[in-house]
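Given next are the chains, with one letter for each unit.
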Amino acid sequence: MIMVDASDGTGQGSSRRKWLWVGIAAAIVVVAAIISFAVTSGSGDDAKPSPSPTSSTSSSATPSATPSEEPGDADPSADPGAQPTPDPSATSETMPELPPVAPDEPADNRAGLVAEISAMKAVDGEAVQAGEIGGPAVQFTLTLTNDTDAPVDLGLIAVNAYIGEERTPAGGLVKPGAAPFEGTLDVGDSTEGVYVYTIPEDQRDDVTLTVDYRAGEPAFVFRGRVG
């Protein structure tokens, strides 16, 4: 009778089971590695910042450097009719005047105040103050009559003389005998003032004398030959 050793079959079965477990363990490691790689890759993609807005979006959000003009902000100089050239005769620098009268006639402001040249004569002007020029001159005596309903402040009166059509100012003099208006002219009273101006003898055919008695009121005007 032949005897068979039973331990050979048992050893081979045990060896196969051992390698089976090794294979299973290896497979688990591989699967775990794949899962870990996939998770790591996904989280890396999520951490990436979102792309910046395009340049067109950025430029569209930027306000215009030059705001559009409102209708009321338009430059008036662009419209020639917006600022008409003022009439020189209507400027504030032009003093209003009554119509001129001859030197031998009275001037009436139609409100009760009357001025007249009551006397005038040729004199030799004397230069006694700075800026004065002596020489042939004319002395004017002016009479002012107040028939208004209020006193007149004579300290506000300004008298000037001009030569020719261009109204070249004549120089004022103190001597001989200048005595300007002063004080107050009461209602119903008259007073005199004396003024002297340098006027060459050959320029006395066209002389203008103005008497301003109050700001904003028309001045008395005398024009013609004097002396």
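Structure shown above.
This text gives an overview of the structure that appears in the document. (Residues numbered from 1 in each chain as written. Predicted model: local features only at pLDDT ≥ 70, side-chain atom pairs only at ≥ 80, totals over all residues. Heavy atoms only, no water.)

This part covers the overall build of the protein. A count of helices and strands for the protein gives two helices and eleven strands. When the helices and strands of the protein are read in sequence order from the N terminus, they spell out α-α-β-β-β-β-β-β-β-β-β-β-β. Out of the 227 residues belonging to the protein, those deemed buried represent 25%. Of the contacts formed within the protein by residues at least 6 apart in sequence, a portion of 69% connects residues at least 24 apart. With an accessible surface of roughly 15,600 Å², the protein has 57% of that area assigned to carbon and sulfur atoms. (Helix = DSSP H or I, 4+ residues; strand = E, 2+ residues; numbered from the N terminus. Buried < 20%, exposed > 50% of the residue type's maximum accessible area, 1.4 Å probe, protein only. Contact = heavy atoms within 4.5 Å. Areas by Shrake-Rupley, 256 points an atom, 1.4 Å probe, with all protein chains shown as cover.)

Applying the stated rule across the entire model yields three aromatic pairs. For the cation-ring pair, R167 lies above Y162, with the distance from its terminal atom to the ring centre recorded as 5.6 Å. (Phe/Tyr/Trp six-rings, centres within 6.5 Å; stacked < 30°, edge-to-face > 60°. Lys NZ or Arg CZ within 6 Å of the ring centre and 35° of its normal.)

A grouping of D124, E126, E201 and D202 is seen on the molecular surface, where their side chains present a negatively charged patch. Taking the relative accessible area as the measure of exposure, E126 reaches 39% and is therefore partly exposed. (Patch = residues over 30% accessible without salt bridge, like charges linked within 9 Å, V, L, I, M, F, W, Y side chains within 5 Å. Salt bridge = Lys/Arg side-chain N within 4 Å of Asp/Glu carboxyl O. Lys, Arg positive; Asp, Glu negative; His and termini not counted. Charge placed at Lys NZ, Arg CZ, Asp CG, Glu CD.)

For the rest of this paragraph, the subject is the side chain of Q139. Its place among the elements puts Q139 in strand β3 (residues 135-146). Using a relative accessible area of 12% as the deciding quantity, one classes Q139 as buried. Among the polar contacts listed, one links the side chain of Q139 to the backbone oxygen of P176, at a separation of 2.9 Å. Ignoring anything within four residues of it in the chain, the contact list for Q139 reads A119, M120, K121, V123, P176, G177, V194, Y195 and V196. (Polar contact = N/O pair within 3.5 Å; in protein donor to acceptor, adjacent residues only side chain to side chain.)

Of the pairings in the sheet, the one linking strand β5 (residues 158-163) to strand β10 (residues 207-212) comprises six bridges and is antiparallel in character. Following the sheet pairing, V159 is matched in β10 by V211. One ladder, built from two bridges, connects β5 with strand β6 (residues 168-169); its direction is antiparallel. Across the sheet, residue I163 finds its bridge partner in β6, namely T168. Where β5 folds back on β6, the antiparallel hairpin that results is connected by four residues, among which G164 adopts a positive phi of roughly 75 degrees. (Pairing = 2+ DSSP bridges.)

So, on to the sheet that holds β5. Read across the open sheet, the four strands follow the order β6-β5-β10-β11; overall the sheet is antiparallel. Each of the sheet's edge strands pairs with one partner strand only, and the pair in question is β6 and β11 (220-224). Sheet analysis places β10 next to β11, joined by five bridges and oriented antiparallel. By the bridge assignment, L209 is partnered in β11 with F222.

Turning our eyes to something else, we now look at the environment of Q129. Mapped onto the elements of the fold, Q129 is located in the loop between β2 (113-125) and β3. Looking at Q129, the relative accessible area reads 48%, which means it is partly exposed. Considering only alpha carbons, one finds Q129 and L173, 44 residues apart in sequence, at a separation of 8.1 Å.

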